[in-house]
Amino acid sequence: MPGLLGKKIGMTSVFSADGKNVPCTVIEAGPCVVTQIKSVEKDGYAAVQLGFQDKKEKHTTKPLMGHFKKAGVTPKRHLAEFKDFSEELNLGDTITVELFNDSAYVDVIGTSKGKGFQGVVKRHGFGGVGQTTHGQHNRARKPGSIGACSYPAKVFKGLRMAGQMGGDRITTHNLQVLKVIPEHNLLLIKGSVPGYKGSIVIIEK
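Before going into details, it helps to say that this report is about the structure given with it.

Reading the values: the criteria
Think of each chain on its own: its residues are numbered from 1, step by step along the sequence as written. Where totals are concerned, whole chains, interfaces and linings use all residues; where local detail is concerned, this predicted model gives features only for residues with pLDDT of at least 70, and gives and counts side-chain atom pairs only at 80 or more. In computing side-chain values, all of the structure's heavy atoms are included and hydrogens and water are not. Helix and strand definitions here come from DSSP, where helices need a minimum of 4 consecutive H or I residues and strands a minimum of 2 consecutive E residues; each element is numbered from the N-terminal end. Should any heavy atoms of two residues lie within 4.5 Å, those residues are considered in contact. Per-residue accessibility, obtained with a 1.4 Å probe over protein chains only, is compared with the maximum for each type, and a residue is labelled buried under 20%, exposed over 50%, and partly exposed between these values. Criterion used throughout: strands pair if DSSP finds at least two bridges between them. Like-charged residues are merged into a patch within 9 Å and nonpolar side chains (Val, Leu, Ile, Met, Phe, Trp, Tyr) within 5 Å, provided each residue has over 30% relative accessible area and no salt bridge. Areas reported as accessible are Shrake-Rupley estimates using a 1.4 Å probe. Residue values count occlusion only from the protein chains shown. Any carboxyl oxygen of Asp or Glu that lies within 4 Å of a side-chain nitrogen of Lys or Arg is treated as forming a salt bridge with it.

## With respect to the environment of Gln 164
Consideration 1: Position of Gln 164 relative to the elements: it lies in strand β9 (residues 163-165).
Consideration 2: Counting along the chain gives 41 residues from Gln 164 to Arg 123, while the straight-line C-alpha distance between them is 8.5 Å.
Consideration 3: Contact partners of Gln 164, with chain neighbours within four places excluded, come to Lys 115, Gly 116, Phe 117 and Arg 123.

## Let's talk about the environment of Ile 189
Consideration 1: Here Ile 189 lies in strand β11 (residues 186-190).
Consideration 2: Setting aside residues up to four positions removed in sequence, Ile 189 forms contacts with Pro 23, Cys 24, Thr 25, Ile 27, Val 106, Val 108, Leu 175, Gln 176 and Leu 178.

## Quick look at the side chain of Ser 112
Consideration 1: Along the chain, the position of Ser 112 falls in the loop between β7 (105-111) and β8 (116-118).
Consideration 2: Excluding residues that lie within four positions of it along the chain, Ser 112 makes contacts with Gly 166, Gly 167, Asp 168, Ile 170, Pro 194 and Gly 195.

## Quick look at the pairing of strand β12 (residues 200-204)
Consideration 1: Judged by how many residues are buried, β12 sits mostly within the fold: four of five residues are covered.
Consideration 2: Relative to β12, strand β1 (residues 3-15) runs antiparallel, the two sharing five bridges. Residue Gly 6 lies in a different strand from β12, and its bridge partner there is Val 201.
Consideration 3: Strand direction decides the pairing type here: β7 and β12, joined by three bridges, are antiparallel. Within β12, the residue paired with Val 108 across the bridge is Ile 203.

## What to know about a nonpolar patch on the surface
Consideration 1: The grouping of Ile 146, Val 155, Leu 159 and Met 161 at the surface amounts to a nonpolar patch, some 300 Å² of accessible area in total.
Consideration 2: When you line up the elements, Val 155 lands in the loop between α3 (120-124) and β9.

Structure, rendered in structure tokens:
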């Protein structure tokens, strides 16, 4: 799907036409520059590669510098590919947040906040062992039994346990576009999107 790279600014709230206070996320969407155009004949599939946020040349590897010079653009910090753009694009073209002027809903892809090593109650929503009487004093948030007693006498693969939580690639579907502010490259989306303030997200139509 066509889309843009953006940066999550944070959350705020706006008033709708009927006077309701709606929570929303502010995203700096673009401007993005076309750095490569892939074709079925040469690459096996058709796509457009976009670059977002400028980067210093001294922090860019020589292969990437050649890639950007071929496109005639300055080095970019983040790259992503998108398919099915309706208009014909050329190397060096700039795509702004106005891409979403006619979009009522978008999908947002981001990396969720990392929460470190967490137990089963926080990580999977376990209810704990229940009662805390009859001698139980230190097992309120424990997972309980994790395997059978006799047969098959093993712990099955994929059993939900404590472990690393967060830091995953998350896609949030069908978020309503509340407002597009092209003069500041801002996109206001109803609700929350994955990631921390300042994180890079992908917005797709």
